[in-house]
Amino acid sequence: MKCEQLRELFIADLCGEIQEEDASRLRAHLAECEECSREQKEFRAMLGLMKQLPQRQWDEKLRIRDLLRRDQRWRTVVFSKAALWFLALTAFITVMTMLPLHWEVNAQQFSVRWGKNPSDTMDELRKLQVQLAGIEKQNQQFYQISDVRMKQLVEQKNIEQQQKYWETMKMFTNYLQLQRQADLQKLQHEIATTYDRTGNEVEKTNALLESVLRTSAEGDATIYDGH
Amino acid sequence: MSYTLDMKPVAEPYVRRLSDEELIDSVLEGNVRDFDVLIERWQQPLYNFVYRFMSSEEESRDVCQDAFVSAYKNLAKFKRQSKFSSWLFKIAINRSNTLLRKRKRWRMFFDPMSEHAQYTDSVAGEANVEMSAEREQIYSRMRRAIAQLPPEQKTVLLLKEYEGMKFHEISEMLECPLSTVKSRMYYALDGLRKALKLVEVKNR
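Residues numbered from 1 in each chain as written. Chains lettered and ligands numbered in written order. Predicted model: local features only at pLDDT ≥ 70, side-chain atom pairs only at ≥ 80, totals over all residues. Heavy atoms only, no water.

Where do I start with the overall build of chain B in this structure?
Counting its regular elements, chain B contains 10 helices and zero strands. Ordered by position from the N terminus, the helices and strands of chain B form the series α-α-α-α-α-α-α-α-α-α. Looking at the 204 residues of chain B, the share that counts as buried comes to 44%. Contacts in chain B between residues at least 24 apart in sequence constitute 61% of all its contacts with a sequence separation of at least 6. As displayed, chain B has an accessible area near 11600 Å², and 52% of this comes from carbon and sulfur atoms. (Helix = DSSP H or I, 4+ residues; strand = E, 2+ residues; numbered from the N terminus. Buried < 20%, exposed > 50% of the residue type's maximum accessible area, 1.4 Å probe, protein only. Contact = heavy atoms within 4.5 Å. Areas by Shrake-Rupley, 256 points an atom, 1.4 Å probe, with all protein chains shown as cover.)

Take a look at the structure:
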């Protein structure tokens, strides 16, 4: 407690600024307080060491004219850290906005980077192709069967049966046609939305779809025309 | 830096014999080049002081140049109550404090570990070192210990020990009471002692 009270005197003594009447008071305290006297020795040694620290030389000859020129406003603004940060930020934002645009132009690249796994989409497309081929085959079979049945009825000259068969076939083909068209439209829509960005396979699938549509229309036409 | 031939030598010999106050009057009358004599006179002491404060060569040079420029610009506002040198040092101290604050903020944000890394680099102690090398090691230890003190304590310590200012001068310059200056001095020495002991322990 007493040491802390005498701290100002202690420091003043250390730096050689102590008054004569205070000096005796401090000396008396140092004689009885071991801690303080040790502290004084350590501080003295440190101050001595500090005095010995060598000076650093700066040989450059400064002139106020040059300093003022260096200090000009536009120079400090243009070459400041803030300006550099601003430039870097602008460049970053520009790149981040331009890159997706660039990728959008190359849709293939975009889908490869961010979309589905391309091999997966190809597999699904192949499945779709098989499905479409199945539909086409079914259609052809249906027309063949109906043709054969009609020919049989014509050979038997069973007009009544012919008429009945003709009516049912008409209804049935209408129904089938509608349903097929709905299915195909659904498929087409699915392909258009899902596999928009994958490339060659889409063209193949679309061609297949078109051929299916055309054949089914022709098939219907043959039924109507033939009889 | 290169000079062209049309620039005359800085100042004639009699100008160098003038005191700071007379030189300031001369500058204010329009002899701009007489400020170069002031710079020449105070460049080295100021640089030494700021280098001990900042412990970075480049930054302390910047601070010195800024201090001279700002002193030149505000020369008319300089009241003759204190010495020119203490006014100049005050400008430099303010400038270095802002720079240190910036540096600290930068470190906290980008490099939080560097604060701890700063004091741990001990020089590899060989068995039979030469005297000069050992001295060099002690000096660098001392410099690092001074560098890690808080700025206000460091200011008082450096002004007192290297510029030989009296306590009441320092308290006027920093605009704080005498007892605060003395206690800062005490805490500076205390911190210095602790830092040096820490390094010694680590070296063993």
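What's the story with unusual backbone geometry in this structure? I'm lost.
Only a minority of non-glycine residues have a phi that is not negative, and only a minority of peptide bonds are not trans. All names here are of chain B. Phi is positive for Glu 175, which is not a glycine, with a value near 55 degrees. Mapping Glu 175 onto the fold places it in the loop between helix H9 (167-174) and helix H10 (178-203). A relative accessible area of 62% means that Glu 175 is categorised as exposed.

Help me out: how do you make sense of the environment of Ser 26 of chain B in this one?
Residues and elements named next belong to chain B. If you trace the backbone, Ser 26 turns up in helix H2 (residues 20-29). Look at Ser 26 and you get buried, because its relative accessible area is 10%. The residues touching Ser 26, leaving out its near neighbours within four places in the chain, are Asn 31 and Asp 34. Side chain to side chain, Ser 26 and Asp 34 meet in a polar contact 2.3 Å long. (Polar contact = N/O pair within 3.5 Å; in protein donor to acceptor, adjacent residues only side chain to side chain.)

How do you make sense of the layout of surface pockets when you look at a structure like this?
The rolling of a water-molecule-sized probe over the atoms marks out the regions of remaining empty space. A volume near 1200 Å³ is recorded for the largest pocket. Forming the boundary of the largest pocket are 26 residues, of which Asp 62, Asp 66, Arg 95, Leu 99 and Lys 102 of chain B lie nearest the centre. Looking at the lining of the largest pocket, the elements that each hand over two or more residues are helix H5 (64-70), helix H6 (73-78) and helix H7 (81-105) of chain A together with helix H4 (57-73) and helix H5 (84-110) of chain B. Looking at side-chain class alone, the lining of the largest pocket contains nine nonpolar, five polar and 12 charged residues. (1 Å grid on protein atoms, 1.4 Å probe; cavity = no way out; pocket = protein on both sides within 12 Å on 5 of 7 lines; lining within 4 Å. Points joined across faces, edges and corners; volume = space filled by probe spheres on them. Nonpolar A, V, L, I, M, F, W, Y, C, P; charged D, E, K, R; others polar.)

Teacher, can you tell me more about the confidence of the model for chain B here?
Predicted coordinates in areas of low pLDDT are best not read in detail. Residues and elements named next belong to chain B. Put simply, chain B has an average pLDDT of 81, and 81% of its residues get 70 or more. Note that residues 116-129 has pLDDT below 50 and, in this model, 10 contacts with residues that lie over four places away or in other chains. With a pTM of 0.59, the predicted complex shows an ipTM of 0.74. (pLDDT = per-residue confidence, 0-100.)

Hey, could you run me through H9 of chain B in this one?
For the α-helix, the turn length of 3.6 residues means that residues three or four positions removed from each other point alike. Residue and element names in this part refer to chain B. When H9 is considered as a whole, its buried residues turn out to be Phe 167, Ile 170, Ser 171 and Met 173. Taken down its axis, H9 places every buried residue within 160 degrees of arc, on the same side. A positive backbone phi angle near 55 degrees is found at Glu 175, which sits one or two residues after H9. (Arc of directions from axis to C-beta.)

How should I be thinking about the interface of chain B and chain A in this particular structure?
The extent of an interface is frequently quoted as the accessible surface area lost upon association of the parts. Opposite the 51 residues of chain B that make contact, chain A presents 36 residues. Summed over both sides, the interface of chain B with chain A buries roughly 4700 Å², with 60% coming from carbon and sulfur. Scanning the region where chain B abuts chain A turns up seven salt bridges. For Glu 40 of chain B, the salt bridge is made with Lys 61 of chain A, and the minimal N-O distance between the two is 3.5 Å. For the pair chain B and chain A, the number of links is 17 residue pairs in polar contact (both at pLDDT 80 or more). Elements that contribute at least two residues to the side of chain B that touches chain A include exactly helix H3 (34-54), H4, H5, helix H7 (131-147), helix H8 (151-161) and H10 of chain B. In terms of residue class, the side of chain B that touches chain A is made up of 29 nonpolar, five polar and 17 charged. (Buried area = accessible area lost by both parts, 1.4 Å probe. Salt bridge = Lys/Arg side-chain N within 4 Å of Asp/Glu carboxyl O.)

Got a minute to help me understand the packing of aromatic side chains in this structure?
Geometrically, a pair of aromatic rings is defined through the distance of the ring centres and the angle of the planes. Per the stated rule, a full pass over the model turns up 12 aromatic pairs over all chains. Ring geometry for Tyr 186 of chain B against Tyr 187 of chain B: centres 5.7 Å apart, planes inclined by 75 degrees, an arrangement best described as edge-to-face. With relative accessibility at 6%, the residue Tyr 186 of chain B sits in the buried group. When its relative accessible area of 41% is taken as the criterion, Tyr 187 of chain B is described as partly exposed. Each member of the aromatic cluster is reached from another via a ring pair, and the members are Phe 10 and Phe 43 of chain A together with Tyr 186 and Tyr 187 of chain B. The cationic tip of Lys 154 of chain B hangs over the ring face of Phe 53 of chain B; the distance from NZ or CZ to the ring centre is 4.9 Å. Of note, Lys 160 of chain B hangs over the ring of Phe 167 of chain B, and the distance from its end group to the ring centre comes to 4.6 Å. (Phe/Tyr/Trp six-rings, centres within 6.5 Å; stacked < 30°, edge-to-face > 60°. Lys NZ or Arg CZ within 6 Å of the ring centre and 35° of its normal.)

Is there a simple way to think about the nonpolar core in this case?
Most often, soluble globular proteins have nonpolar side chains that are buried together. Core analysis: the biggest nonpolar cluster contains 76 residues, and Phe 35, Leu 46, Phe 68, Phe 84, Leu 189 and Leu 192 of chain B have the highest contact counts within it. In terms of residues, this core owes the most to one element, H3 of chain B, which gives 12 residues. For Phe 35 of chain B, the residues in contact, after removing those within four places along its chain, are Ile 64 of chain A together with Val 27, Phe 68, Ala 71, Tyr 72 and Leu 75 of chain B. Counting eight residues, the second largest nonpolar core, distinct from the first, contains Tyr 143, Leu 153, Tyr 165 and Leu 176 of chain A. (Core = buried A, V, L, I, M, F, W, Y, C linked by side-chain atoms within 4.5 Å.)

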